[in-house]
Amino acid sequence: MSAPRTPADQAAREAVEQQRDQSAFVSAGAGTGKTSTLVARVVATVTDDAVPIRQVAAITFTERAAGELRERVRSALADRVAAHPDDGVARDALRDVDA
């Protein structure tokens, strides 16, 4: 059994997730991990940086992609609340994700 391969663009993925003090533009083909990377960025922005979810803007090219992103953010926040029930920031963000 071989170890999982590190994507060639791993540094760029980490930059999108971690450099949250600036805007990011993510463009890549289908199935490359764009949504997962953006979900990680949104959740970290909301929970680690305490930015209200209502102040986060994520623009997609289609309504379907926007719906997928919203659902995955909702799921990630729900997972965080389940793992850390006392995390009021994540709980508030989960409540407000569709507001």
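For clarity, every value in this text was computed on a predicted model and none was experimentally measured.

With respect to the packing of helix α2 (residues 34–47) against helix α3 (residues 63–83)
Thinking step 1. Contact pair α2 / α3: the axes reach a minimum separation of 9 Å and the direction vectors enclose 50°. The pairing of α2 with α3 is recorded here as oblique in orientation. As for the relative orientation of α2 and α3, their crossing is right-handed in sense. Contacts between α2 and α3 involve Thr35, Ser36, Leu38, Val39, Val42, Val43 and Thr47 on the former and, on the latter, Glu68, Leu69, Arg72, Val73, Ala76, Leu77 and Arg80.

Side note on the nonpolar core
Thinking step 1. Counting residues in hydrophobic clusters, the biggest one holds ten residues: Val39, Val42, Val43, Val46, Ile53, Leu69, Val73, Leu77, Ala93 and Val97.
Thinking step 2. It is α2 that provides the largest number of residues to this core, a total of four residues.
Thinking step 3. With near-sequence residues (within four places) excluded, Leu77 lies in contact with Val43, Thr47, Ile53, Ala90, Ala93 and Leu94.

Quick notes on the packing of α3 against helix α4 (residues 88–96)
Thinking step 1. It is at 9 Å that the axes of α3 and α4 come closest, and there the two elements cross at 145°. For the element pair α3 and α4, the recorded crossing hand is left-handed. Touching Arg74, Leu77, Ala78, Arg80 and Val81 of α3 are Ala90, Arg91, Ala93 and Leu94, all from α4.
Thinking step 2. The residue makeup of the contact of α3 with α4, split by class, is six nonpolar, no polar and three charged.

Rules and cut-offs
- Residues numbered from 1 in each chain as written.
- Predicted model: local features only at pLDDT ≥ 70, side-chain atom pairs only at ≥ 80, totals over all residues.
- Heavy atoms only, no water.
- Axes fitted to C-alpha atoms, helices over the stretch in contact; angles between N-to-C directions.
- Helix = DSSP H or I, 4+ residues; strand = E, 2+ residues; numbered from the N terminus.
- Parallel < 35°, antiparallel > 145°, perpendicular 65-115°, else oblique.
- Left-handed = near helix turned anticlockwise from the far one by under 90°.
- Contact = heavy atoms within 4.5 Å.
- Core = buried A, V, L, I, M, F, W, Y, C linked by side-chain atoms within 4.5 Å.
- Buried < 20%, exposed > 50% of the residue type's maximum accessible area, 1.4 Å probe, protein only.
- Nonpolar A, V, L, I, M, F, W, Y, C, P; charged D, E, K, R; others polar.

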